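Summary of structural features
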Amino acid sequence: MFKNMISPVQAWLLSQGRCVGCGLSLANSKLKTQKSKVKDENLVTCKCGRVYIHETKTGKFRRALLSEV
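**A short note on the environment of cysteine 46**
Position of cysteine 46 among the secondary structure elements: in the loop between strand E2 (41-45) and strand E3 (51-55). According to the relative accessible area criterion, cysteine 46 is buried, its value standing at 5%. Residues cysteine 46 and glycine 23, 23 residues apart in the sequence, show an inter-C-alpha distance of 9.8 Å.

Next up, the structure:
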């Protein structure tokens, strides 16, 4: 039940380009950014430790899977 309440909020934060943990903007240039194994994607690590994938073609963020880290 708790997951049903939290997941829409997390989806909204990601659509705004913000971290789901701390709310910091993921487009911030001070965050650690690396090239991903897949072209047109970057790994972005937030200051709270969560890892995201930034798809450069669409400009959207998503949570990184364990296999992508």
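Structure's up, so let's keep going.
**Remarks on the pattern of salt bridges**
Tallying each qualifying case throughout the model produces four salt bridges. In this structure, the salt-bridge partner of glutamate 41 is arginine 62, at a minimum N-O distance of 3.8 Å. Here glutamate 41, found in strand E2, pairs with arginine 62, found in strand E4 (residues 60-63); they are 21 residues apart in sequence, far enough to count as distant. Classification of arginine 62 by relative accessible area gives partly exposed; the value is 25%. Residue glutamate 68 pairs with arginine 62 through a salt bridge whose shortest N-O separation is 2.9 Å. Residue glutamate 68 is classed as partly exposed on the basis of its relative accessible area of 22%. Here the salt bridges share partners, and the residues they tie into one network are Glu41, Glu55, Arg62 and Glu68.

**Comments concerning a nonpolar patch on the surface**
Together, Phe2, Met5 and Ile6 line one region of the surface with nonpolar side chains, adding up to about 310 Å² of accessible area. With respect to the helices and strands, the residue isoleucine 6 is situated in helix H1 (residues 2-15).

**Here we look at the side chain of asparagine 42**
Turning to its location among the elements, asparagine 42 is positioned in strand E2. Setting aside residues no more than four positions away along its own chain, asparagine 42 makes contact with Thr33, Gln34, Lys35, Ser36, Tyr52, Ile53, His54 and Thr56.

**A word on the nonpolar core**
Within soluble globular proteins, side chains that are nonpolar tend to cluster in buried spots. The biggest cluster of nonpolar side chains holds 10 residues, and these are Leu13, Leu14, Cys19, Val20, Leu26, Leu31, Val44, Cys46, Tyr52 and Phe61. Each residue touching cysteine 19, except ones within four places of it in the same chain, is listed here: Leu13, Leu24, Leu26, Cys46, Cys48, Arg50 and Tyr52.

Definitions and cut-offs
- Residues numbered from 1 in each chain as written.
- Predicted model: local features only at pLDDT ≥ 70, side-chain atom pairs only at ≥ 80, totals over all residues.
- Heavy atoms only, no water.
- Helix = DSSP H or I, 4+ residues; strand = E, 2+ residues; numbered from the N terminus.
- Buried < 20%, exposed > 50% of the residue type's maximum accessible area, 1.4 Å probe, protein only.
- Salt bridge = Lys/Arg side-chain N within 4 Å of Asp/Glu carboxyl O.
- Patch = residues over 30% accessible without salt bridge, like charges linked within 9 Å, V, L, I, M, F, W, Y side chains within 5 Å.
- Areas by Shrake-Rupley, 256 points an atom, 1.4 Å probe, with all protein chains shown as cover.
- Contact = heavy atoms within 4.5 Å.
- Core = buried A, V, L, I, M, F, W, Y, C linked by side-chain atoms within 4.5 Å.

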